[in-house]
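Residues per chain, in single letters:
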Amino acid sequence: MIMVTGASGRFSSAVLAELRARGIPAVGGSRTPSAGQRHVDFSVPDSLDFNGVDTLLLVPAGAQEDDRQIAFNRAAVEIAARDGVSHLVYTSLTGAGDHLSMALPHRVAERIIMASGMTWTILRNGVYAEILGAPLSWERQQEEPARIVSPLGDGAVAAVARQDLARAAASVLSDPSGHGERVYELVGSRVVSAADVAGRLGCEVRDIGLGEYRQLLAGGGMPAFRQSLMLSISSVIRHGFLARTGDDLPYLLGREPTDPLAVAVKEVAAREA
């Protein structure tokens, strides 16, 4: 049996939909399970039960402090090994993202998984094209066209559509035997910048520094932890550390990835309406 954790989230639900479309049975695991899903709450390790699961897609719990995230991941891996999971697939972070504040728990989890005795596959996912639009906001000027405000400078990122990453994960889960002890760098085949998004939307960009971006985040009521995460993403993109492209995603998809610019533009345009 295949299990996909985090089933109530957009990524995991997309993976489950991909598997269903291929006629491959799978069960979702969630802290708030719906009909036919298992209860999986990483914050309560004693509640975890992977009995009967042959292949597990471990999608980490949402962003939180490093010590909690590492503890949750460690417990999940140890219980998966205890319950007889034969192949563990883990959604990690692209190697180009080691400067991001969220990188450490992923790297620790990879080490734990590789030492677990289970067969494993690591999916190092790139930055979602949907998230690329998050640092970009609209600024309306009196009697002037609206423009995009961006903290990304001239930086570009090899972004990836979430649906493509879900499809790549489903490909691995469909035939895990062909992907044992593999680390896939699932980044895009092209890079996208704030200027590219603005060009497609036909507007100008006003570049701001990270200090001003911090003020915008704080003014919007975002929790401090999430502010640090968004600032980290923006800084790393701004300074050119997420522009590395790769071939692993097309390999798993069997085609070229979805245009990340189109995805990012759609996200930004929706907020302007």
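Here, every reference points to the structure presented above.
Small disclaimer: the values here were computed from a predicted structure and weren't measured.

Peer 1: Give me the pattern of salt bridges: which residues, what numbers.
Peer 2: Going through the model one piece at a time under the given rule, you end up with 15 salt bridges. Arg 107 is paired through a salt bridge with Asp 98; the nearest N and O atoms lie 2.6 Å apart. Residue classification places Arg 107 among the buried positions, given a relative accessible area of 15%. Note that Arg 167 is salt-bridged to Asp 164, the shortest N-O span being 3.5 Å.

Peer 1: An account of the side chain of Thr 55 is needed here, citing residue identities and associated values.
Peer 2: Summarising the element assignment, Thr 55 is placed in strand S4 (residues 55–58). Judged by its relative accessible area of 7%, Thr 55 falls in the buried class. Every residue in contact with Thr 55, bar those within four places of it in the chain, is listed here: Met 1, Ile 2, Met 3, His 87, Val 89, Leu 173 and Pro 176.

Peer 1: Go over empty space enclosed by the protein with me, naming the residues and quoting the values.
Peer 2: Summed over the entire model, instances satisfying the criterion amount to one cavity of 30 Å³ or more. There is about 40 Å³ of room inside the largest cavity. In terms of lining residues, the largest cavity is bounded by Thr 94, Ala 96, Gly 126, Val 127, Val 157, Ala 158, Val 187, Leu 242 and Arg 244. Its residues assigned to classes, the lining of the largest cavity shows six nonpolar, two polar and one charged.

Peer 1: Lay out the packing of helix H1 (residues 10–21) against helix H5 (residues 162–174) with the relevant residues and their values.
Peer 2: At a closest axis distance of 8 Å, the pairing of H1 and H5 adopts a crossing angle of 50°. Here H1 lies oblique to H5, going by the angle between them. Regarding H1 and H5, the two cross each other, and that crossing is right-handed. Of the residues in H5, those touching H1 at Arg 10, Phe 11, Ala 14, Val 15, Glu 18 and Leu 19 are Arg 162, Gln 163, Leu 165, Ala 166, Arg 167, Ala 169, Ala 170, Leu 173 and Ser 174. Split by residue class, the contact of H1 with H5 holds nine nonpolar, two polar and four charged.

Rules of the game
- Residues numbered from 1 in each chain as written.
- Predicted model: local features only at pLDDT ≥ 70, side-chain atom pairs only at ≥ 80, totals over all residues.
- Heavy atoms only, no water.
- Salt bridge = Lys/Arg side-chain N within 4 Å of Asp/Glu carboxyl O.
- Buried < 20%, exposed > 50% of the residue type's maximum accessible area, 1.4 Å probe, protein only.
- Helix = DSSP H or I, 4+ residues; strand = E, 2+ residues; numbered from the N terminus.
- Contact = heavy atoms within 4.5 Å.
- 1 Å grid on protein atoms, 1.4 Å probe; cavity = no way out; pocket = protein on both sides within 12 Å on 5 of 7 lines; lining within 4 Å.
- Points joined across faces, edges and corners; volume = space filled by probe spheres on them.
- Nonpolar A, V, L, I, M, F, W, Y, C, P; charged D, E, K, R; others polar.
- Axes fitted to C-alpha atoms, helices over the stretch in contact; angles between N-to-C directions.
- Parallel < 35°, antiparallel > 145°, perpendicular 65-115°, else oblique.
- Left-handed = near helix turned anticlockwise from the far one by under 90°.

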